[in-house]
Amino acid sequence: MRGAQPPQPPFSRRRLLGAAACLAATPLAAFTPAAHAHHARPHIPRIYMILFRGETAVETGFREWFAENKHAAEFLVRSVDLDASRAPGLLDEARAWHADLIYTWGTPVSVAVAEREFDIPILFTMVSAPIAAGLVRSLASSQRNLTGVSHVVPARLQMNAIRNYRRFDRIGAIFNPNEVNARFAVREMRSEVERNSAEFICRPVPLNDAGQPQPDAIPQLLRELKAQGAQLLYVGPDSFLSANRKLLTETALALGLPVFSAAEVTLRDGRALFGLVAGYRNVGRLTAHKAAQILYHRAKPAALPIETPGSYSYLVNMDVARQLDMMPPARVLQIAEQI
């Protein structure tokens with residue numbers, strides 16, 4: 001495996017032909033070194049990757065799977081740096097590079113790419129609610145030239161994980177109103193919280209004049225939730241909050257407000273207290289398996305169901321637990337990964 005730079009025109013596709021067949025079919029005078037080079041190398045699949053905020057452990061797991069299974073592939077990586085509106089503009093480069101597969105990370109990027117009709121298969125990952133986002137009508141089949149992997153643990157199981165830690169009567173949340181996955185997540189969690197006879201206080205992050213969420217509004221929102229009696233901050237699958245995880249979790253910790261996260265990065269690279277997550281590397285490996293079915297086994301994306309990794313991890317940040325004087329009970333310690 002190696003990173004690849006887009007070639008300069010003209011572009012050509014290389015196919016493997018048997019040397020004997022090549023010699024038999026080609027007059028000796030016509031069999032030039034250039035012609036031989038054209039037919040000598042097998043085609044190596046090209047994967048064009050459009051990321052939301054640079055590479056993550058998902059991409060680590062994705063590449064690891066290819067290496068472990070000895071599948072050759074070329075990768076060309078682009079990041080939209082938190083601006084999903086830039087994603088469609090990259091598709092011309094993907095086509096010019098003769099990509100065999102387009103990999104998209106996160107709901108905003110995946111939706112922006114999938115809104116355009118495209119002849120190259122699309123494989124999305126880290127999409128928490130693909131039906132709600134309008135990417136697919138059914139998890140069994142997209143009925144389109146795309147498939148993918150979802151990563152979020154169902155809200156019911158997240159709520160069970162919260163209750164196993166301790167009873168919280170008032171749970172707060174903030175979210176990016178621009179992200180359909182974030183809106184869906186807080187709606188689902190509200191239902192679960194209220195079903196458990198607790199109160200859910202939810203606030204959208206305000207938008208600036210350009211219609212983008214404002215990171216500097218996060219501290220004030222958390223102070224307001226704390227003043228309203230929130231005992232726990234729920235952080236759902238929200239690309240904006242993940243990108244601002246340190247500001248979010250460090251502010252919450254300073255306020256004495258524990259954080260439950262549905263995203264692994266907020267725990268491993270933030271100061272969230274605990275969470276129930278699908279590990280990023282496992283998500284990447286499952287995504288790679290699907291890529292191989294398309295690239296090497298010629299499976300049609302519409303024939304591949306949208307799946308979630310089959311196992312979840314209960315993570316507890318013990319340093320944060322000590323700082324909050326909120327150590328996990330024995331029943332959690334028996335099953336949790338301490339970080």
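What counts as what
Residues numbered from 1 in each chain as written. Predicted model: local features only at pLDDT ≥ 70, side-chain atom pairs only at ≥ 80, totals over all residues. Heavy atoms only, no water. pLDDT = per-residue confidence, 0-100. Contact = heavy atoms within 4.5 Å. Helix = DSSP H or I, 4+ residues; strand = E, 2+ residues; numbered from the N terminus. Buried < 20%, exposed > 50% of the residue type's maximum accessible area, 1.4 Å probe, protein only. Salt bridge = Lys/Arg side-chain N within 4 Å of Asp/Glu carboxyl O. Core = buried A, V, L, I, M, F, W, Y, C linked by side-chain atoms within 4.5 Å. Pairing = 2+ DSSP bridges. Axes fitted to C-alpha atoms, helices over the stretch in contact; angles between N-to-C directions. Phe/Tyr/Trp six-rings, centres within 6.5 Å; stacked < 30°, edge-to-face > 60°. Lys NZ or Arg CZ within 6 Å of the ring centre and 35° of its normal. Parallel < 35°, antiparallel > 145°, perpendicular 65-115°, else oblique. Left-handed = near helix turned anticlockwise from the far one by under 90°.

Draft legend 1. Seen up close, the confidence of the model for the chain. In the predicted model, the chain carries a mean pLDDT of 89, and the fraction of residues at 70 or more is 88%. Per-residue pLDDT stays below 50 along residues 1-38; that stretch engages in 49 contacts with residues further than four places along the chain or on separate chains.

Draft legend 2. Main features of the environment of Ala57. Looking at the secondary structure, you find Ala57 in helix α3 (residues 57-68). Its relative accessible area of 31% is what places Ala57 among the partly exposed residues. Taking C-alpha positions, Ala57 is 9.7 Å from Glu264, a pair spaced 207 residues apart along the chain. Those residues within four positions of Ala57 in sequence are excluded, and the remaining contacts are Tyr280 and Arg281.

Draft legend 3. Molecular detail of the pattern of salt bridges. By the definition in use, this model includes 18 salt bridges. Measuring nitrogen to oxygen at the nearest pair gives 2.9 Å for the salt bridge that ties Arg281 to Glu64. Linking Arg281 in helix α12 (residues 280-295) with Glu64 in helix α3, this pair joins segments that are 217 residues apart in sequence. The closest approach of N and O atoms between Glu337 and Arg268, which form a salt bridge, is 3.0 Å. In this pair, Glu337 sits in strand β13 (residues 337-338) while Arg268 sits in helix α11 (residues 264-268), placing the two residues 69 residues apart along the sequence.

Draft legend 4. Structural view of the nonpolar core. The biggest cluster of nonpolar side chains holds 55 residues, and the ones touching the most others in it are Ile47, Ile50, Phe62, Phe66 and Leu135. Contributions of two or more residues to this core are made by β2 (46-51), α3, β3 (74-79), α4 (91-96), β4 (101-105), α5 (107-114), β5 (122-125) and α12. If you tally residues by element for this core, the top one is α12, at eight residues. The contact partners of Ile47, leaving out residues within four places of it in the chain, are Phe62, Phe66, Ala73, Glu74, Phe75, Leu76, Trp97, Leu101, Tyr103 and Leu295. Phe168, Phe200, Cys202 and Leu276 belong to the second-largest nonpolar core, a separate cluster that totals 35 residues.

Draft legend 5. Focus on the sheet that holds strand β12 (residues 313-316). Read across the sheet, seven strands follow the order β8-β7-β9-β10-β11-β12-β13 without closing on themselves; strand pairing throughout is mixed. The sheet is open, and its two edges are formed by β8 (199-204) and β13, each paired on a single side. By the bridge criterion, six bridges tie strand β7 (residues 170-175) to β8 in an arrangement that is parallel. Each bridged residue has a counterpart across the sheet, and for Arg170 the counterpart in β8 is Glu199. In this fold helix α7 (residues 180-195) packs onto β7, β8 and β9 (232-235), with an angle of close to 165 degrees to the strand it touches most, β8.

Draft legend 6. Representation of the packing of aromatic side chains in the model. A complete count under the given rule lists 10 aromatic pairs for this structure. Here Phe62 and Phe66 contribute two aromatic rings whose centre-to-centre distance is 5.2 Å and whose plane-to-plane angle is 50 degrees, an arrangement assigned as tilted. Residue Phe62 and its partner Phe66 are both found in helix α3; the two are separated by four residues, about one turn of the helix. Take Phe62: its relative accessible area is 0%, and that puts it in the buried class. Within the aromatic cluster, the residues linked to one another by ring pairs are Phe62, Trp65, Phe66, Phe75 and Tyr103. The aromatic ring of Phe75 is capped on one face by Arg63, whose charged end is 4.7 Å from the ring centroid.

Draft legend 7. Just the packing of α3 against α12, in detail. Where α3 meets α12, the axes come as close as 7 Å, and the angle between the chain directions of the two elements is 50 degrees. As judged from the angle between their axes, α3 and α12 are oblique. Both α3 and α12 take part in a crossing whose hand is right-handed. Residues Ala57, Val58, Thr60, Gly61, Phe62, Glu64, Trp65, Phe66 and Glu68 of α3 form the contact with α12, whose participating residues are Tyr280, Arg281, Val283, Gly284, Arg285, Thr287, Ala288, His289, Ala291 and Ala292.

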